[in-house]
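Structural overview for review
Next come the chains, spelled out residue by residue.
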Amino acid sequence: MTRQTPRRSITAKAMRRRPALNAKGSVSGKVAFITGGAAGVGAEVARRLHANGAQLILVDADADALASFATSLRGERVLTVTADVRDLAAMQAAADQGVQRWGGIDIVVANAGIVSYGSVRQVDPTTFKRLLDINVLGVFHTVRAVLPSIIERRGYVLIVSSLAAFTATPGMAPYNASKAAVEQFANTLRVEVAHRGVDVGSAHMSWLDTAMLRDTKTDLSTFGEMLSKLPYPFSIITSVDKCGEAFVAGIEKRRSRVYCPSWVAAVRFLRPLFFTRLGEAPIQRFVPDLIPRMDAEASALGRSTSLHSETLDTSTAQ
């Protein structure tokens, strides 16, 4: 006699499967919740998902930029919510609006983030805290708010980390720390929700041609100088378009890691080397001269982040 597989085993196996977002990985008809969705990488990912038929919930603290971007999409299949990721209640309200409008959430891209200026000795402590509140707590608030719907729909979470999680760039300790933190957050979340059919990825990018990078280069001439001194390929600046393409491919395939450019994957595996004397040697050559000058520039600015970030934070607080 042929032994039959117990019905319970079949059910358990089916529950462990990772569902595709749709046939052939399509996101058509799926609902994507994106923070920092008004510009840069967030907007590019939103534009591509929208073009592929997704419905969007775009969250950003910049109301004007959010409205302008939504207009470029003709407002079709787009819900915009002006909210600060530091505010859990506001993020919960945004998620609730999205569920009420679209019935649920299938994809979340926790993308909102800022950068600070200056070394550990120079950076404004208040800015350091604000960066962690946005870059780290903001990720937690985002995921916490949408997770019930993501679990219900066996969806996908993408946490935007960085190449900065694998290396140490002088003058960027707060940012580096935040991106290492959210990588580990993603790793832990992955093992917590895998049995529920939810996949979690972390995205790691090199320098991107965003307003954040351009503002930093404009504010600090020493920052551009530092980029030019970094060994190849760490000095390469990648387009937002290419990054958006990589993110969407990662979302469609529910990848646990998304890299842009692809060589960043190798850095992940080689990172122990970069924290040895040999690995740090190329950077140590220019730090003694450059960091004091970078700190002097940051001090002269009278702020430890971009003017846009400062202005937005002030308007959000009012």
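The notes below deal with the structure included here. (Residues numbered from 1 in each chain as written. Predicted model: local features only at pLDDT ≥ 70, side-chain atom pairs only at ≥ 80, totals over all residues. Heavy atoms only, no water.)

A few points about the overall build of the protein chain
Heads up, the rule is: Under the scheme used here, helices are H or I runs from DSSP no shorter than 4 residues and strands are E runs no shorter than 2 residues, and both carry numbers assigned from the N terminus. Our radius of gyration looks at C-alpha atoms and nothing else; its globule reference is 2.2 Å times the residue count to the power 0.38. In this scheme, a residue with accessible area under 20% of its type's maximum is buried, one over 50% is exposed, and one in between is partly exposed, where area comes from a 1.4 Å probe on protein chains only. Whether two residues are in contact is decided by their heavy atoms, any of which lying within 4.5 Å being enough.
For the protein chain, the count of helices and strands is 13 helices and nine strands. Computed over the C-alpha atoms, the radius of gyration of the protein chain is 21 Å, within 12% of the 20 Å expected from 2.2 N^0.38 for a compact globule of 318 residues. Projected onto the principal axes, the alpha-carbon positions of the protein chain cover approximately 80 × 50 × 30 Å. Going through the 318 residues of the protein chain one by one, you find that 51% of them count as buried. A separation threshold of at least 6 residues defines the contact pool for the protein chain, and within that pool the share at least 24 residues apart is 73%.

Considering the sheet that holds strand β1 (residues 31-35)
Note the following rule: A pair of strands is treated as paired once DSSP finds two or more bridges between them. Working convention: axes come from line fits to C-alpha atoms, limited for helices to the stretch in contact. Angles between N-to-C directions cover 0 to 180 degrees.
What the seven strands build is an open sheet, ordered β3-β2-β1-β4-β5-β6-β9; its pairing is parallel. In the strand order of this sheet, the two ends are held by β3 (78-82) and β9 (257-260), each with one partner. Within this sheet the neighbouring strands show an average axis-to-axis angle of 15°, counted without direction. Here three bridges tie β1 to strand β4 (residues 107-110), and the two strands are oriented parallel to one another. Opposite A32, over in β4, you have I107 as the bridge partner. On top of the sheet, helix α6 (residues 173-193) reaches β5 (156-160), β6 (199-205) and β9; it is set at about 160° to β6, its chief contact. Contacts from helix α10 (residues 264-274) reach β6 and β9 within the one sheet, and its direction differs from that of β9 by about 115°.

Examining a nonpolar patch on the surface
Keep this limit in mind: Residues form patches when they are more than 30% accessible in relative terms and have no salt bridge. Like charges link within 9 Å. Nonpolar side chains (Val, Leu, Ile, Met, Phe, Trp, Tyr) link within 5 Å. In short, Shrake-Rupley with a 1.4 Å probe defines the accessible areas, and a residue's cover is counted only from the protein chains shown. Throughout this description, the term salt bridge denotes a Lys or Arg side-chain nitrogen within 4 Å of a carboxyl oxygen of Asp or Glu.
Together, L270, L273 and L278 make up an exposed nonpolar region whose accessible area comes to about 300 Å². As for its position among the elements, L273 is in helix α10. The exposure class of L273 is partly exposed, given its relative accessible area of 39%.

Describing the pattern of salt bridges
Side-chain pairs of opposite charge can arise where the charged atoms are in close proximity. This model, assessed by the stated rule, comprises 15 salt bridges. Here D133 and K129 are joined by a salt bridge, their closest N and O atoms 2.9 Å apart. Within this pair, D133 and its partner K129 are both found in helix α5 (residues 125-152), separated by four residues, close to a single helical turn. For K129, a relative accessible area of 53% gives the class exposed. Through salt bridges with shared partners, a single ionic network connects D84, R86, R130, E310 and D313.

Quick look at the side chain of D62
What counts, and what does not: The charge count includes Lys and Arg as positive and Asp and Glu as negative, but it does not include His or the ends of the chains. We define a polar contact as two N or O atoms separated by no more than 3.5 Å, with the added condition that, inside protein, one atom must be a possible hydrogen donor and the other a possible acceptor, whereas residues neighbouring each other in sequence contribute only through side-chain atom pairs.
With respect to the helices, strands and loops of the structure, D62 is situated in the loop between β2 (55-60) and α3 (63-72). Although D62 is buried, it forms no salt bridge, and the closest oppositely charged side chain is R214 at an N-O distance of 12 Å. Within the local environment of D62, its side chain forms a polar contact with the backbone nitrogen of A65, the two atoms lying 3.1 Å apart. Once residues lying within four places of it in the same chain are set aside, the contact partners of D62 are A38, H308 and L312.

Here we look at the nonpolar core
Applied cut-off: Joining through side-chain atoms within 4.5 Å is the link that ties buried Ala, Val, Leu, Ile, Met, Phe, Trp, Tyr and Cys residues into a set, and such a set is a nonpolar core.
If you look at the biggest cluster of nonpolar residues, it comprises 58 residues, and the most contacted ones within it are F33 and V157. A total of eight residues in this core trace back to one element, the largest contributor, which is α5. When neighbours within four sequence positions are excluded, F33 is seen to be in contact with I57, V59, M91, A94, A95, I105, I107, V108, V109, T142 and V146. In this structure, V27, A32, I34 and I107 belong to the second largest nonpolar core, which totals 32 residues.

A closer look at the packing of aromatic side chains
Formally: Any Phe, Tyr or Trp ring, taking Trp's six-membered ring, that has another such ring centre within 6.5 Å forms a pair; planes under 30 degrees apart are called stacked, those over 60 apart edge-to-face, and the others tilted.
By the definition in use, this model includes three aromatic pairs. Between F234 and W263, the aromatic rings sit 5.6 Å apart at their centres with planes inclined by 75°, giving edge-to-face as the arrangement. Taken together, the positions of F234 in the loop between α8 (221-229) and β8 (237-238) and W263 in the loop between β9 and α10 put the pair 29 residues apart, joining distant regions of the chain. Under the relative-accessibility criterion, F234 is labelled buried at 15%. Overall, W263 belongs to the partly exposed group, its relative accessible area being 21%.

Overview of the side chain of D313
Tracing the sequence through the fold places D313 in helix α13 (residues 307-317). Looking at D313, its side chain comes within polar contact range of the side chain of R130, at 3.5 Å. If we ignore the near neighbours within four places in the chain, the residues touching D313 are R86 and R130.

A short note on the pairing of β5
Two faces make up the sheet, and in a regular strand the side chains alternate between them. Inclusion rule: Crossover handedness is defined here as right-handed if the route from the first strand over the helix to the second strand goes clockwise, with the strands pointing away from the viewer.
By the criterion of burial, β5 is predominantly enclosed, with five of the five residues buried. Neither face of β5 is left uncovered, since the one carrying Y156, L158 and V160 and the one carrying V157 and I159 both have all their residues buried. As paired strands, β4 and β5 are joined by four bridges and run parallel to one another. By the bridge assignment, V108 is partnered in β5 with V157. The β-α-β motif built from β4, the intervening α5 and the parallel element β5 has right-handed crossover chirality. Regarding topology, α6 serves as the crossover connection from β5 to the parallel β6, and that connection is right-handed.

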